[in-house]
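Structural overview for review
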Amino acid sequence: MLQPGEFEISAFTKKPKTQEAEEGSSVVFEAETEKADAKVRWQCNSKDIASGNNYLILAEGNKHSLTIQTVTKEDASVYAVIAGGSKVKFELKVISKPGGGHFDAESALLRSLLFHFHLFVVFTKHKGEQALTGLFTEKPQSGEVTVGENITFVAKVNAESLLKKPTIRWFKGKWMDLATKCGKHLQLKETYDRSSKVYTFEMQISAAKANFAGGYRCEVSSKDKFDSCNFELTVHGESSFRRMFISSVQVHSEPDVDVWSILSKAPPSAFEKIAFQYGITDLRGMLKRLKKMKKDEKKSEAFLKKLDPAYQVSKGQKMKLAVEVADENVEVKWLKNGQEIQKSGRYIFESVGNMRYLTINHCSLSDDAAYTCVVGEEKCTTELFVKEPPVMIVKNLDDQMVMKGERVELECEVSEEGANVKWEKDGVELTRDESFKYRFKKDGCKHVLIINEATKEDCGHYKVKTNGGESVAELLVQEKELEVYQSIADLTVKAKDQAVFKCEVSDENVRGTWYKNGVEVKPDPRINISHIGRIHKLTIDEVKPEDEGDYTFVPDGYAFNLSAKLNFIEVKIDFVPRQDPPKIHLDCVGRTAESTIVVVAGNKLRLDVPITGDPAPTVIWTKREKVNRQCHQPKMQWVRSDQMSLTNGDGRVRVETTTGHCIFTIEGAERQDEGIYSVVVRNPAGEDTADINVKVVDVPDPPQAPKILSVGEDSCVVQWEPPQFDGGQPITGYVVERKKLKSYRWMRLNFEPFPETTYEAKRMIEGVPYEMRVYAVNSIGMSRHSPASQPFVPVAPTSEPIGLCVEDISDSSISLKWRAPERIGAAELQGYGIEYRREGTDEWIPASQGLTERTSATIRDLNTGDKLQFRVRAFNMAGPSAPATLAQPVTIREIMQRPKIWLPRALRQTIIKKVGDVVNIVIPFQVLWTSVLSYLKHNFQFTSKLWMETLVQSNPTHPSPPFSKALLVILVKEWYTVHDHYRRTHCVVSDLIMGNEYIFRVFSTNLVGLSPEPCTTKDSVYIQKTGILYKAPNYKEHDFSEPPKFTHPLVNRSVIAGYSTTLSCAVRGIPKPKVTWYKNKMDISNEAKYRMLSKQGVLTLEIRKPCPFDGGVYTCKAVNDCGEDVVECKLEVRSPEGLLVSCL
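Notes on the structure follow. Values in this document were obtained by computation on a predicted structure and should not be read as measured data. (Residues numbered from 1 in each chain as written. Predicted model: local features only at pLDDT ≥ 70, side-chain atom pairs only at ≥ 80, totals over all residues. Heavy atoms only, no water.)

What to know about the overall build of the protein
The condition is simple: Numbered from the N terminus, helices here are DSSP runs of H or I no shorter than four residues, and strands are runs of E no shorter than two. Burial classes: relative accessible area under 20% of the type maximum marks a residue as buried, over 50% as exposed, and values in between as partly exposed (1.4 Å probe, protein chains only). Only the protein chains shown count as cover for residues, and all accessible areas are computed by the Shrake-Rupley method using a 1.4 Å probe.
Assigned secondary structure in the protein consists of five helices and 87 strands. Here the protein holds 1144 residues, and 35% of them are scored as buried. Within the structure as shown, the protein displays about 69,800 Å² of accessible surface, and the carbon and sulfur contribution to it stands at 50%.

Right, dumping it as structure tokens:
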């Protein structure tokens, strides 16, 4: 929303203006756009017009023109030109041909002035508001009426494009709302035509009076659209406008009228009337000049202090208006826009002595009005402007990746309800167009941009703006790929059994066709083809030998297919004599007794083996794990000798024996069910055996948590380990997802499985933390996601350090200095690394351990004479920057300089001293550490009778300061004099620093000088730090442990087969209890069909697509060191009526 004092940028550089034309002439309106390729539309009364008949529309580059030929009275109307989101309105006024007299010309001139003045009023009132969209299809026109007669003003609004009924308001002048004035002389009506969807609003004035004359305004609004129209009512009579005009023409002809004097003495409400009377065309400019003129105000008798001309307050704040009256007992009235204000919770009236206060609590936009304080016949007026606070974005937009054709909703939340926001895509503002591609939804503080069907052209960066901030999100639209969640599997059935081919794809709207050996399968009473959601089924009842073959499912519109084979087992029954040895009849591919059956985990495994023998043989089923081709180890055994079924403890395994068949069934096959199953039939006449190899395939295990190998400015390289178990099928690829650390939305980075275990993710925002996770994909489906990676932040290395140079050099060390890099980036600088290499080699050697935070360093222990090249790199989270290298290698050798003596001016003349006086001569000099220093007198060296003292500074480039003590023994930066001329053999040393270690030495001295060798202490002295030793009190630790207790039990449930269900309960206990789930007292923790979840004590067991055999008693057991607790419930799984469920 535009702030007060701002204007919306127009698409026009030159706008058409209102013109007057005579009947029969031609008129041309011209406009120029900012862009040469802008599309421009011309309208008349809000309806588009085109070239032809009486109109001629031309466009050349950015210049556009509308020509109206042979103007008639009917062409007098309101026109508009539209380019993009900008709309400019203008009028064509048609006047009669010359001959109508001087009065008509003056009338036209004054009407033109009236029109321009009302444009100025509307402009100043709506200054700062955003551009408004025209709603009127017919506007009320100015009219004339005689005193006592009736007149009706009509306004029409087309509601076809509006979401709700428009609201209309009628005003007289600037503020008077006519809705409160309805009565004998004024009636407001409205009607609605359902066929044309047009609202008609009427304002009827009955028995007009002279004071009804003046300017009127009609405003219509609907949600975020607004339009207004101004019109005039002229009442003929004693105070008619026409008589006023005639008098105004006569007054205007007088040359000695001082208009400035009249305006300065007139109230603001009379400015318009004076402008008409004296033919003022630049009223706005005169008002500005008048405002600057000093005006002598007449002192008020009722007010000692009036209201200020204007006040400003922020929305939601409190405003207090104060006046000071002359009589402290007088009563005052407060008016708002001419209406008296009644005392309420928001409006508080106070009277303190001569002061009168009006307090407005919680100011809103409706309080933006003119306020008047009335005392008797006098009054003072002020304007209150309510300023809206900036609208902040509380919740930012999230990046989204969608498939082509899907619905997109970009949602943000602002700090204020009903605030206006602006949406942009790649810097271009989004508006409601005729195709309704973009929809804007506003729900309280939430604003939503809706794209119904996303296309590739919708990719880009979307921005939402308020007057207090903005938020950006990226939208990626991918081509829709069809994923296969479950492929069809090979089937082996016998005569008169049912065969069901089933597959599941990602799009439930995709249809397909079934083929058998390349020929389309048509449904008949025995063959049924169904499509429910994402599942496609082909069901064949009472299978016959001719049904054997290759079956294929082809999705419509996609270039791939799913194939499987139907194997028919022919049961041959021959007459056998009594005491016939048992025989296993397996009619398989290749006619071998050993075959491999593949079953998907979670589906039913059914082994139906035809057998013969008399008497009825005993059937023994044995499962063996594969060790090698020659050795098998028996694991489990099931025996059945009668024609009944045998079920194991958990109810999953059933063995049935019928006449001529032995059936082995496992409900919900699991990974541990894989192996070699041997069936042995035995009777007194002999035995027979056969091996069946069963392979259970499943989705792979989730990969290990991915690791971030490296990061860049907007990218990272992620790596992961393959899953430990591939589900029995080779891994076809991986799917990678990422999300912002503080977000809950995961974005998929690839839709096609990625075959490698290293992936480079791009298009990330620098400085924002992210997480990554990976899915593994095989031909069965997609695994669960891996654990999320450690959070990381995409950052770029810094730029190289600048200004690397040599500061100092010696025989074994070198000092370098440099400046910080120009660009640091989003991550903070960790330090600098210094390396060197010898000339002629490529190996860079670190100069120091770790990194240094300073921008200078001294490298020691170098070999004298080595020619070395040095470089410095800056390090941050992203790694090292580009190196800053010296321009040429540096030779490690001290630079030799000649000694220098700076002889003071005072020593350049003869010094005279008395015999016995001490002579102290201070001579500054500059030498190297290896220089020899000696004092000479007449070219002879001083004897030992004289004391010579030399103070050497650490920086040899500066002369030594004067020294005034009598005796000083110094080792550079090491030895310090404690006492001088001390005569005792013991002393106390004070002012030592705690935490330091000291060594002391003592010189003896006489008149000759110091002893050659000092006496040094054998041991060092460590100055202990003194402090208070805190001893923490002992508290007995509270025992918070408690045994597990279920606060919410399991509830018995009855569900429909095929629909996933959950069982939930809640438990508490300290320490955290270990939870185990049981079905019919069998542990189901490791079964793939079930998924156990635990979050803050809430335990959930998810059962995927249960079948009737999943019914039973489910138990949840919680155990910790303090005890255990158990809850259980009963689950009933009902089959849908009329639907035969087969998990093959």
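Re the packing of aromatic side chains
Under the convention used in this document: Only Phe, Tyr and Trp rings take part, Trp by its six-membered ring, and two of them pair if their centres are within 6.5 Å. Stacked means planes under 30 degrees apart, edge-to-face means over 60, and tilted covers everything else. Either the NZ atom of lysine or the CZ atom of arginine qualifies as a charge over a ring when it sits within 6 Å of the ring centre and within 35 degrees of the ring normal.
Tallying each qualifying case throughout the model produces 20 aromatic pairs. With a centroid separation of 5.0 Å and an interplanar angle of 85°, the aromatic rings of F754 and Y759 are classed as edge-to-face. Taking relative accessible area as the criterion, F754 reaches 24% and is therefore assigned partly exposed. Given the relative accessible area of 13%, Y759 is considered buried. Through pairs of rings, three or more aromatic residues link up here, namely F29, W42, Y79 and F90. Here R217 stacks its cationic end above the ring of F171, 4.6 Å away from the centre of that ring. Over the aromatic face of W844 sits the side chain of R871, whose NZ or CZ is 4.2 Å from the ring centroid.

Some thoughts on the sheet that holds strand β9 (residues 86-95)
Worth spelling out the cut-off: At least two DSSP bridges between two strands are needed for those strands to be called paired.
Ordered in space as β2-β9-β8-β4-β5, the five strands form an open sheet in which the pairing is mixed. Of all the strands in the sheet, the pair left with one neighbour each is β2 (19-22) and β5 (47-48).

Observations concerning unusual backbone geometry
Residues D614 and P615 are joined by a peptide bond in cis, for which omega reads 0°. Mapping P615 onto the fold places it in the loop between β48 (605-612) and β49 (618-626). For the bond from I1070 to P1071, the omega torsion is 0°, close enough to zero to count as cis. By the secondary structure assignment, P1071 is in the loop between β81 (1061-1070) and β82 (1074-1079). At T70, a position not held by glycine, the phi torsion is positive, near 50°. With respect to the element layout, T70 can be found in the loop between β7 (63-68) and β8 (77-83). With relative accessibility at 48%, the residue T70 sits in the partly exposed group.

Points about the pattern of salt bridges
Heads up, the condition is: Within this document, salt bridges are pairs made up of a side-chain nitrogen of Lys or Arg and a carboxyl oxygen of Asp or Glu, the two lying within 4 Å of each other.
Applying the stated criterion across every chain, the model contains 43 salt bridges. Between K463 and E470 there is a salt bridge, and its shortest N-O distance comes to 3.8 Å. On the accessibility criterion, K463 (24% relative accessible area) is partly exposed. Since its relative accessible area comes to 46%, E470 is described here as partly exposed. For R652, the salt bridge goes to D673, with nearest N and O atoms at 3.0 Å.

A look at the sheet that holds strand β42 (residues 527-532)
For clarity, the cut-off: Lines fitted to C-alpha atoms define the axes, with helix axes restricted to the stretch in contact, and inter-axis angles between N-to-C directions lie between 0 and 180 degrees.
Overall, antiparallel pairing links the four strands, which are arranged β37-β39-β43-β42 in an open sheet. Of all the strands in the sheet, just β37 (484-486) and β42 have a single pairing partner and so form its edges. On average, each strand axis in the sheet is tilted by 20° relative to the strand beside it, whichever way the strands run. Relative to strand β43 (residues 535-540), strand β39 (residues 499-505) runs antiparallel, the two sharing six bridges. For F501, the partnering residue across the bridge sits in β43 and is L538.

Observations concerning the nonpolar core
Going by this rule: We define the nonpolar core as a collection of buried residues of types Ala, Val, Leu, Ile, Met, Phe, Trp, Tyr and Cys that are connected through side-chain atoms lying within 4.5 Å of one another.
Core analysis: the biggest nonpolar cluster contains 26 residues, and F153, W170, M203, I205, Y216 and L233 have the highest contact counts within it. Of all the secondary structure elements, the ones that give two or more residues to this core are β12 (151-158), β13 (167-172), β16 (198-205), β17 (214-222) and β18 (225-236).

Considerations on the side chain of S471
Note the cut-off: We call two N or O atoms a polar contact when they sit within 3.5 Å, provided that within protein one can donate a hydrogen and the other can accept it, with sequence-adjacent residues counted only if both atoms are side-chain atoms.
For S471, the position within the fold is in strand β36 (residues 469-478). Reaching out from S471, the side chain makes a polar contact with the side chain of N396 at a distance of 3.4 Å.

Some details on the pairing of strand β52 (residues 653-658)
As judged from the six bridges shared by β52 and strand β53 (residues 661-666), these two strands associate in the antiparallel manner. Counted as the bridge partner of T658 is H661 from β53.

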